[in-house]
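# Reading the structure
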Amino acid sequence: MKAINFASFGEADVLTLGDAPEPTLRAHDLLVRVRAAGVNRADLTHRRGGYGRSNFGDSELMGLEIAGDVLVVGAEVEGYALGDRVMGIVGGGAYAEIARIDYRMAMRIPDNLDYIQAAAVPEVFVTAHEALGHLGRLQPDEAVLVHAAAGGVGSAVVQLAHATGSKIFATADGAKLDRVSRMGADVLIDYKAQDFAVVVADATEGRGVNLVIDFVGAPYLERNVLSLADGGRLVQVGIIGGIMPLKRLLFGHLQIIGTVMKSRPQHVKQAMVNRFKDRWLDRFGSAELVPVVDSVFPLEDAAEAHRRMESNLSVGKVILSV
């Protein structure tokens, strides 16, 4: 089969289209003819050598999410058959013509989504629901501050928060705020020109928001904590750092929660997928939840897809068409 390989770590031009062995079938696997694959920040880290030559559970090849058609069904698989349209999160191997996926990490593609749209769903929306709903426990009468709201996960968080009925404060580059507004954000903040903590304080008369979803880390930590209402929660999607205003943390009874999907045990990832699927999957394709696709590149142009993501100009997902 054709797949993206890289002989050495480095810049995007190390990615080349070549041959790779087809994945072997395990009892709990689906083999999937990949029609589209999502590009994620973790792929950039993989390409640069941040994970070494690790096998992430399914393949040493790059790529974490797929959409396609079931070709082969393992002996212990339940609920899937040949020809089913599926999407899901894989432990490597998405940048290829054929990938294997544990069926417990797969989801059926809703009828009104095509493969490109479907490939823009799994990683970002599962992560968004985990941060917003499961860990963040956002309620309809609460307010949430979403950072990097034009990114893949950020745009998913905004849509889920809007569907929950909550008030949304969103930060993004000023040029992207119109798109973020159309996703459902209520208060738009240009992070280059405005101090989000000041905007939140002014708009809430000093009360703050109930939840902050952050993808930035150290530069935002102190202002995130100061932006929280009493009893508020900060969910840090990734690595946390920076100066901690401990007095506000203690006397405000605040909670800081860290989460990352890639390093979690398989059964935990499966539970995350199921929580998202049960809560949101049947609401896709309506005007309420729409996968946000920035751009589409053919598989052989994976290097260009990486450059697009590295440019920080994208809004939503960058997708490879296989």
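A short tour of the structure in this document, coming up. (Residues numbered from 1 in each chain as written. Predicted model: local features only at pLDDT ≥ 70, side-chain atom pairs only at ≥ 80, totals over all residues. Heavy atoms only, no water.)

Between side chains of opposite charge, pairing is possible as soon as their charged atoms come close. One pass over the structure, following the stated rule, counts 18 salt bridges. Residue Asp230 is joined to Arg248 by a salt bridge in which the shortest nitrogen-to-oxygen separation is 3.0 Å. Here Arg248 lies in helix H8 (residues 246-251) and Asp230 lies in strand E12 (residues 228-237), a separation of 18 residues in the sequence. With a relative accessible area of 59%, Asp230 lands in the exposed category. Asp294 serves as the salt-bridge partner of Arg308, at 2.8 Å between the closest nitrogen and oxygen. With a gap of 14 residues between them, Arg308 in helix H10 (residues 302-310) and Asp294 in strand E14 (residues 293-298) connect regions that are remote in the sequence. In this structure Arg308 comes out as partly exposed when scored by relative accessible area, which is 25%. (Salt bridge = Lys/Arg side-chain N within 4 Å of Asp/Glu carboxyl O. Helix = DSSP H or I, 4+ residues; strand = E, 2+ residues; numbered from the N terminus. Buried < 20%, exposed > 50% of the residue type's maximum accessible area, 1.4 Å probe, protein only.)

Another point: the packing of aromatic side chains. The description of an aromatic ring pair uses the distance of the two centres, along with the angle that the planes make with each other. Taken as a whole, this structure holds five aromatic pairs when the rule is applied. Seen from their ring centres, Phe125 and Phe276 are 6.4 Å apart, and the 35 degrees between their planes marks the pair as tilted. Residue Phe125 is found in helix H3 (residues 122-135), and its partner Phe276 is found in helix H9 (residues 266-280); the two are separated by 151 residues along the sequence. Considered together, Phe125 and Phe276 belong to a single accessibility category, that of buried residues. For Phe276, a relative accessible area of 0% translates into the label buried. Put simply, the rings of Phe125, Phe276 and Phe284 pair up and form one aromatic cluster. Against the face of Tyr115 rests Arg85, its NZ or CZ located 5.2 Å from the ring centre. Over the ring of Trp280 we find Arg279, and its NZ or CZ is 3.9 Å from the ring centre. (Phe/Tyr/Trp six-rings, centres within 6.5 Å; stacked < 30°, edge-to-face > 60°. Lys NZ or Arg CZ within 6 Å of the ring centre and 35° of its normal.)

Let us look at the sheet that holds strand E11 (residues 209-214). Strand order in the open sheet formed by six strands is E10-E9-E8-E11-E12-E13, with parallel pairing between adjacent strands. The two strands at the open ends of the sheet, each matched to only one other strand, are strand E10 (187-190) and strand E13 (255-259). Recorded for the sheet is a direction-independent mean angle of 15 degrees between the axes of neighbouring strands. In terms of strand pairing, strand E9 (residues 167-172) meets E10 through four bridges, oriented parallel. When the bridges of E10 are listed, Ala172 appears paired with Asp190. Across the sheet, H3 touches strand E8 (143-146), E11, E12 and E13, and the angle it forms with E12 is around 155 degrees. Across the face of the sheet, helix H4 (residues 152-164) comes into contact with E8, E9 and E11 while running at roughly 170 degrees to E8. (Pairing = 2+ DSSP bridges. Axes fitted to C-alpha atoms, helices over the stretch in contact; angles between N-to-C directions. Contact = heavy atoms within 4.5 Å.)

These results come straight from atomic positions and should not be treated as a statement about function.
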